[in-house]
Amino acid sequence: MRTKSTFAYALASGISLLAFTSAAHAAETAPAAAAAEPAPDPAGDGQSGLTDIVVTAERRNVSLQQAPLSVSAITSDTLRAGNVTDITGLNGTVPGLVIAKSGGGERVISIRGIGSETPENTNTQPGVSYHIDGVYIFNSIAASAAFIDVAQVEVLRGPQGTLFGQGSTGGTINVVSIEPSTDALKGNVNAGFGNYNYMEGSAALNVPVTDTLAIRGAFQFTKHDGYAHATEVPGFKKYDLDDQDETGWRLGAKWQPLSNLSITLNTIQFSSNTNGPAQKNILDPEPDPRILTQDFPGRSVVKTQLYTGVIKWDTAFATIKSITGYQKLHSEQAWDADGLDTTLFYQNTYNPVSYTGVSYDHVPLWASDTKSWSQELNLTSNGNGPFQWVLGGVYLHSENSQYVNEYRSDDDNFLQQALPEDTAWNDPLVGNLTYAELSSIKRELYAVFAQGTYALTDSLKLTAGARYNHDKSSGMYDSMSGGVSDQTSGAYLQPASTGSRSDHAWTGKVALDYQITPSNMVYISYTRGFKPGGINSASSACGGAYCIFGWEDSIKPTYKKETVDSFEIGSKNRFLDDTLQVNASAFLYNYKNMQFLEEDPVLYGEGISNAPKARVYGLELESTYAPTDHLRFDASMSWLEGEFTSHYYALDPNNAASAQNAAGFPDYLFWTNFYAASLARDAAREDIKGNRIPKLPRWQGNIAATWNGEVGPGKLTARAQLIYRGKYQYRLFNEGAVDLTPSYTQVNTMLKYEPEGTNADITLRVINLFDKNGINSRFSDPYGSAQVMDTYIPPRQLILSVGYKF
C-alpha cells in the first residue's frame, strides 16, 4: 500500500510540475527558437540569453530543447572546469547517472538504476551503452579511458532501444570528438601541475591541408602520485594506489571532395599503467581511508585502440551515412582480493583448517582482451516536410577473452605470480592455484531499425519507431579449482565449447510532443529496451550445482534476456526572454529479468541469474539561468525510487560463505563433503522482493554558479559547484553495511584569467575543496573470499595550469 500511494503521489507531483513549467509561459509571446549552435562556455561568452546545444539524440543533429526525450549535454569547458578527465568524474552532474567503481579497472555505469549487475564478466553486455563518435564500445573496461579532444558528452536517459540498440536499456552515453575543419589553422596547448606531484599536458592542432582536406591531431597525458597507499607490501614503505599515469592521442582527417560528400577517419589510442585503485576493506582497522593495511602489489594496465571511418553523402531525398569501427582492448588487473595483510585476514576469517596465523586471497592476474568490428548504415531524411525519418542497419562482431589466476592459502608465499597460459598440466606450480579460468566469448549481432516523426499539426508531432535485434553468442571455457587440473596432457587449461545461444527481440518507441509556444514543449513517450541473454560458462561446463544435482534454484546453463518498458512525460522550456531554461521529466519503468551475478550452492559455480520483476520511477529536473551577460546558474536534481516486486530467493556470496563456514566446511574442506556443504550454502538464500534497486540514489543533484567580467587588463571567470550524490544500495541483496554506499557532498571551484590580447589563460582548479572522503562505491567482490571494499573519490586537488590558443 505504501508503494502504490508513494508512486501515485510522485506521479501526481510530476504531472503538476510539468504542467506548471510548460503552462506558466504559454500565454507569453516568444520568438522562434534560434538555430542550433555549438554549446557555449558554461562561464558565459558575453552574449545575452542562452544559446542552443546541438545533440545527436535522434541519429541526427537536433537542438537539445527540441528533442522529445531526457538528454543532457556536458561541454568540454564544463568538463575542464570540474577536472573531469574520464567518465567517473560525471558522478552527480547528470540526473540519475551513477558511475561506480568495481574490481580492477572496471566502471559500472547506471542510469535510473539500470546498468550492469554482472561485474567483470565478458559474457554480458552493459545496460548503458557507451559510444565514441557513434561507435559502440563493447567492453566496459574501455569506458575508463580518458576523454581525448572532446567537444561534448551526451547522456540520454531511458531505454534507447530503437536507435541505439541492445545494451541501451538504461540509456546511452555518446562522446563527441572535435572534427577536423578546413576553416583555419588553429590549435591549443596546455600544461598544469598540482599537489600529489600532479602533472598534465595537452595539445591539439587543426591543419587545413587544402580547401577540401583537413587534419586534426591531439595529445594529452596525466600523471600523479597515489591518493592512497598500502603499508605492508614487501619492499615498499608506501605502495601508491589510486595513482595515475596515462597518455592518449587522437589523429583525424576529413576530406570533402564535393559539397555533399565527406569522408572522416579517426583513431584514438589510450594507454594507462598504474598500481591500480585503492580498495579499502571495511574490516581494515586503520581509520584513515587513504591508508590501506594491504600486502599485495596491485597493478592496472589498460590499452585501447579505436579506429573509425564515417562516410556522409547528402542526396536530394536523404543523408546516407556509413559508420565503421574497429577496436581493441587489452587489460591486465591485479589486486589484493582480501584487502588486508595476512595476519588481519586470518584473524577475520573463520579458518580451522590451519593454525599458521596467516591467510591470504590474491589475484595476480585478471587479463581481458577484446577485438570488435562494427558497421552501420543509416539514412536520414532531408528537407523540411511534415515527415522526418531515419532508417538503417547495423552489424557487430566481438571476440572477448579472459584469463584469471587466484591464490588463496595459509602459507608465506603470498606474492606468487600468475602462471603462463601454456603451463603444463603437471607443473607443480599448478597445485598452488586456488582458481584459474581461461575463456572466450564470441558475439555476433545485427539489427535493422526505422523511426519517423510526422507533424500532425504545426504544434503536434507523432514519433514512432521499431528495431529488430538478433544476437548470437558462443564460447570456449575451462577452469580449475583446488590446484587440480582436469587435463592429462598439454596445458593445464584447455577450453572446450560451451555451445551457442541466440536471442532476438523487437524494441520500439512511440511519442507525442506538443509545442505550446516556440519556447515551451511537452512530450509523452513509451519505449522498450532490451539486453540479450547468454551462456553461463561455468554452469554449462557442469561446474555448477545445476549440472551436479539438477536443483531448480541453481545457476542455469543460460540466462534470459532482460527488458524494460518505459513510460515518460517531460517538458522543455525557455522563459524570461531566453535567460531561464527548465527541463523536467517523470518516468515509470517496468523491469523484467534483470541480469545479476549470483552465487551457486557449489563453490566456484557462480553465474548470471535473472531477478523476475522490478519497478522504478522518479522525477528529474535540469535548469540554467543567466540573468545577466556575466552571471549564470546551472542546476540538476533527481528523485528516484525502485524495488523488486516479485519473489526470488537469491544467494549472496557473503551469506553462502558464512553458512559454509558455520557448517564446518571452510575453504577447500568444501570438497570433503561437497553435498552437505552445498546444502548449507543453498539454505542461505533470501527473498529479494521489496529490496531496493541497486545503484539508485533517492536524491542526487548539483548546482553551479559562474561569473565572468573584466578585471584589470583581462577577463576573469569564477565558478563554484556543489555536487550531492545520495546513498544507494550497491547490490540487489541489500545486505546492510555490506551494500549501503553512503552519500557524499563535494565542492569544486575554478578561477580562470585571460589577459587581454594574449590568447592565453591561467587557470586554478580546486577539486573537492573541503577534502571530503566521499565513498564512490562499496564494492562487494563476488568472487574469491567475498570481501567488501570501499573506493573513494579523489581528495582535495589543487591544479594550476597555463593554456594558449592560436
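Thresholds, definitions, all that
- Residues numbered from 1 in each chain as written.
- Predicted model: local features only at pLDDT ≥ 70, side-chain atom pairs only at ≥ 80, totals over all residues.
- Heavy atoms only, no water.
- Salt bridge = Lys/Arg side-chain N within 4 Å of Asp/Glu carboxyl O.
- Helix = DSSP H or I, 4+ residues; strand = E, 2+ residues; numbered from the N terminus.
- Buried < 20%, exposed > 50% of the residue type's maximum accessible area, 1.4 Å probe, protein only.
- Pairing = 2+ DSSP bridges.
- Patch = residues over 30% accessible without salt bridge, like charges linked within 9 Å, V, L, I, M, F, W, Y side chains within 5 Å.
- Areas by Shrake-Rupley, 256 points an atom, 1.4 Å probe, with all protein chains shown as cover.
- Lys, Arg positive; Asp, Glu negative; His and termini not counted.
- Charge placed at Lys NZ, Arg CZ, Asp CG, Glu CD.
- Phe/Tyr/Trp six-rings, centres within 6.5 Å; stacked < 30°, edge-to-face > 60°.
- Lys NZ or Arg CZ within 6 Å of the ring centre and 35° of its normal.

Colleague: Summarise the pattern of salt bridges; cite the residues concerned and give the values.
Modeller: Under the definition given, this model contains 26 salt bridges. Here Arg157 and Glu622 are joined by a salt bridge, their closest N and O atoms 3.5 Å apart. A residue pair is termed long-range when its members are at least 10 positions apart, and Arg157 in strand E8 (residues 150–157) and Glu622 in strand E31 (residues 607–628) qualify at 465 residues. Classification of Glu622 by relative accessible area gives buried; the value is 17%. In this structure, Asp578 and Arg574 form a salt bridge, with 3.8 Å as the shortest nitrogen-oxygen distance.

Colleague: Any chance you could break down the pairing of strand E25 (residues 496–517) for me, citing the residues and the numbers?
Modeller: Pairing of strand E24 (residues 460–481) with E25 involves 18 bridges; the strand directions are antiparallel. When the sheet's bridge partners are listed, Tyr477 is paired in E25 with Ala496. In this sheet, strand E26 (residues 520–531) lies alongside E25 in antiparallel orientation, the contact comprising eight bridges. Counted as the bridge partner of Tyr514 is Val522 from E26. The loop that links E25 with its antiparallel partner E26 comprises two residues.

Colleague: Tell me about a positive patch on the surface, and name the residues and values.
Modeller: A cluster of basic residues, Lys556, Lys560, Lys592 and Lys613, forms a positive patch at the surface. Within the secondary structure, Lys560 is located in the loop between strand E28 (558–559) and strand E29 (562–575).

Colleague: Report on the packing of aromatic side chains, specifying residues and quantitative values.
Modeller: Applying the stated criterion across every chain, the model contains 15 aromatic pairs. Cluster of aromatic residues (ring-pair linked, three or more members): Phe596, Tyr648 and Phe733. Stacked on the ring of Phe587, the Lys or Arg Arg112 has its end atom at 4.1 Å from the ring centre. Over the aromatic face of Tyr730 sits the side chain of Lys695, whose NZ or CZ is 3.9 Å from the ring centroid.

Colleague: Now, about unusual backbone geometry: what can you tell me, with residues and values included?
Modeller: The phi dihedral of Arg112 is positive, around 55 degrees, even though this residue is not glycine. If you trace the backbone, Arg112 turns up in the loop between strand E5 (107–111) and strand E6 (128–132). On the basis of relative accessible area, Arg112 is assigned to the buried category, the value being 0%. With phi around 55 degrees, Asn197 is a residue other than glycine that occupies positive phi space. Looking at the secondary structure, you find Asn197 in the loop between strand E10 (186–194) and strand E11 (198–208).

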